[in-house]
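What follows is the residue order along each chain.
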Amino acid sequence: MRVIVRGFCAHNTYQWMTFQSLLPKGSALAPVIISTDKTQLTQFSGNKSAYPVYMTLGNIPKELRRKPSEHACVLIGYLSVDKIDSTGLSDRKHRALVQQLFHKSVQIILEPLIEAGKEGIDVTGGDGKVRRVHPVLAAYVADYPEQCLVTCSKYGTCPICQCPESSLGEATVRSSRTRMWTLDVLRLSKSKGKKGSNAFIMACQNLDVSGYVVKPFWKKHTLADIHLSITPDVLHQLYQGVFKHILEWCSEVMDEGELDQRIRCLPPAYGTRHFKNGISALSQVSGRERKDIARILLGCLVGRIPNALMLTFRSLLDFIYISQYATHDDQTLTYLEDALKTYHANKSILKTLHVREHLNIPKFHSLVHY
């Protein structure tokens, strides 16, 4: 039986083995995990925001990495949050400048990794011994818009595979994007027009590459494949993505007041939150609040929505919960696949009820990569 431990190795097993085979004998690998997320600091006094860049290592157990008190995740820089003056610029030119500024900034921050990853650095361990360690960019944690920005993918497509925007609702996985494939698209598109020109950008976007950045920050990181580095994201993809859509669809098939009434009627119970005022009045719903709503939602829908729609919602919630298991084996992975198959088998009810015209939603497509 194969057992996969959630964390770096679970998502990037092939990439991890490739890295190890390229390193000199006796060297150690330090998989570097980078994360960025634009953060709103205030909604008053000038509406301030910050754009931090954090770094941690895959060698550190996740139980330690996820705790701020352990200081296992360090701040290594800030990206610019200033808006670029768009006077006299077309929308495409302005968008290109914003994305190029991001990539150039990250390139400067991560530049020391290039040489250190190739040659290695001497690191003293807790036991006092000195080891040769190769820090390599291995994972990049970001929400969907930043995933497209980081991988130079066209917005609305998949940053991991070559699935076009019009086919995101399918249950199949397309050919994987690779670092060399993306760079080849940028190189071959030069024949259509000068870099940055409309013809060049259109040639790239016809192949689902953004075309706004011609020198991505990961270009010189020879041991890293940025498309393999994109990780599953329970918060942004599942709770703030998939489950957020479920709540929106609930309001389409039943009145919000009725749903609030059903939620208010639930008796308080251990382990669940009692929403005494319902959920429709909640603003800026946090991930924790979405988790609390997910625990009680299905019980409030019984007898009110069609059976096929109930199966659709239940299978998505099953997927969300199973994907968060600390470890997986063949049996639990089968549960995960069965939940996804049940969703695809019943999802047509959303079109029948005119809730959605299509289901080409990037965050739903990301489930096939789990």
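Note that the structure is a prediction, hence the values are computed from the model and not measured. (Residues numbered from 1 in each chain as written. Predicted model: local features only at pLDDT ≥ 70, side-chain atom pairs only at ≥ 80, totals over all residues. Heavy atoms only, no water.)

### Here we look at the pairing of strand 5 (residues 52-57)
Side-chain direction in a regular strand flips from residue to residue, so the side chains alternate between the two faces of the sheet. Alignment of strand 2 (residues 28-36) against strand 5, held across five bridges, turns out to be antiparallel. The residue of strand 5 that forms the bridge with Val32 is Leu57. Of the pairings in the sheet, the one linking strand 5 to strand 6 (residues 74-78) comprises four bridges and is antiparallel in character. Each bridged residue has a counterpart across the sheet, and for Tyr54 the counterpart in strand 6 is Leu75. (Pairing = 2+ DSSP bridges. Helix = DSSP H or I, 4+ residues; strand = E, 2+ residues; numbered from the N terminus.)

### As for a nonpolar patch on the surface
Taken together, the side chains of Tyr54, Leu75 and Tyr78 present a nonpolar region at the surface, about 320 Å² in accessible area. With respect to the secondary-structure elements, Tyr54 resides in strand 5. Tyr54 sits in the partly exposed class, given a relative accessible area of 33%. (Patch = residues over 30% accessible without salt bridge, like charges linked within 9 Å, V, L, I, M, F, W, Y side chains within 5 Å. Areas by Shrake-Rupley, 256 points an atom, 1.4 Å probe, with all protein chains shown as cover. Salt bridge = Lys/Arg side-chain N within 4 Å of Asp/Glu carboxyl O. Buried < 20%, exposed > 50% of the residue type's maximum accessible area, 1.4 Å probe, protein only.)

### What about the side chain of Thr157?
If you trace the backbone, Thr157 turns up in the loop between helix 5 (144-151) and helix 6 (179-188). A polar contact is formed between the side chain of Thr157 and the side chain of Arg177, at a distance of 3.2 Å. (Polar contact = N/O pair within 3.5 Å; in protein donor to acceptor, adjacent residues only side chain to side chain.)

### A few points about the side chain of His134
As for its placement among the helices and strands, His134 is situated in strand 8 (residues 130-141). Polar contacts involving the side chain of His134 include one to the main-chain carbonyl oxygen of Gly117, which spans 2.9 Å.

### Here we look at the packing of helix 11 (residues 307-322) against helix 12 (residues 330-346)
With their axes 8 Å apart at the nearest point, helix 11 and helix 12 run at an angle of 150° to one another. Looking at the two axes, helix 11 sits roughly antiparallel to helix 12. The two elements helix 11 and helix 12 meet at a crossing, and its hand is left-handed. On helix 12, the residues that touch Ala308, Leu311, Thr312, Ser315, Leu316, Asp318, Phe319 and Ile322 of helix 11 are Thr332, Tyr335, Leu336, Ala339, Leu340, Thr342, Tyr343 and Asn346. Tallied by class, the residues present in the contact of helix 11 with helix 12 amount to ten nonpolar, five polar and one charged. (Axes fitted to C-alpha atoms, helices over the stretch in contact; angles between N-to-C directions. Parallel < 35°, antiparallel > 145°, perpendicular 65-115°, else oblique. Left-handed = near helix turned anticlockwise from the far one by under 90°. Contact = heavy atoms within 4.5 Å. Nonpolar A, V, L, I, M, F, W, Y, C, P; charged D, E, K, R; others polar.)

### Describing helix 10 (residues 287-301)
Helix length check: helix 10, at 15 residues, gives a terminal C-alpha distance of 21 Å against a target of 21 Å (1.5 Å per residue), a fit within 8%. The largest bend along helix 10 reaches roughly 35° and is located at Arg295. Among all positions of helix 10, only Gly287, Glu289, Arg290, Asp292, Ile293, Ala294, Ile296, Leu297, Cys300 and Leu301 are buried. Elements in contact with the buried residues of helix 10: helix 8 (234-253), helix 9 (256-265) and helix 11. Gly303 lies just past helix 10 and shows a positive phi near 80°. (Expected span 1.5 Å × (residues − 1). Bend = angle between axes of the 7 residues up to and from the residue.)

### Some thoughts on unusual backbone geometry
Even without being glycine, Cys152 reaches a positive phi, approximately 60°. The residue Cys152 is located in the loop between helix 5 and helix 6 in this model. For Cys152, a relative accessible area of 1% corresponds to the buried category. Phi at His354 is positive, roughly 60°, even though this residue is not glycine. As for its placement among the helices and strands, His354 is situated in the loop between helix 13 (348-352) and helix 14 (362-365). Using a relative accessible area of 69% as the deciding quantity, one classes His354 as exposed.

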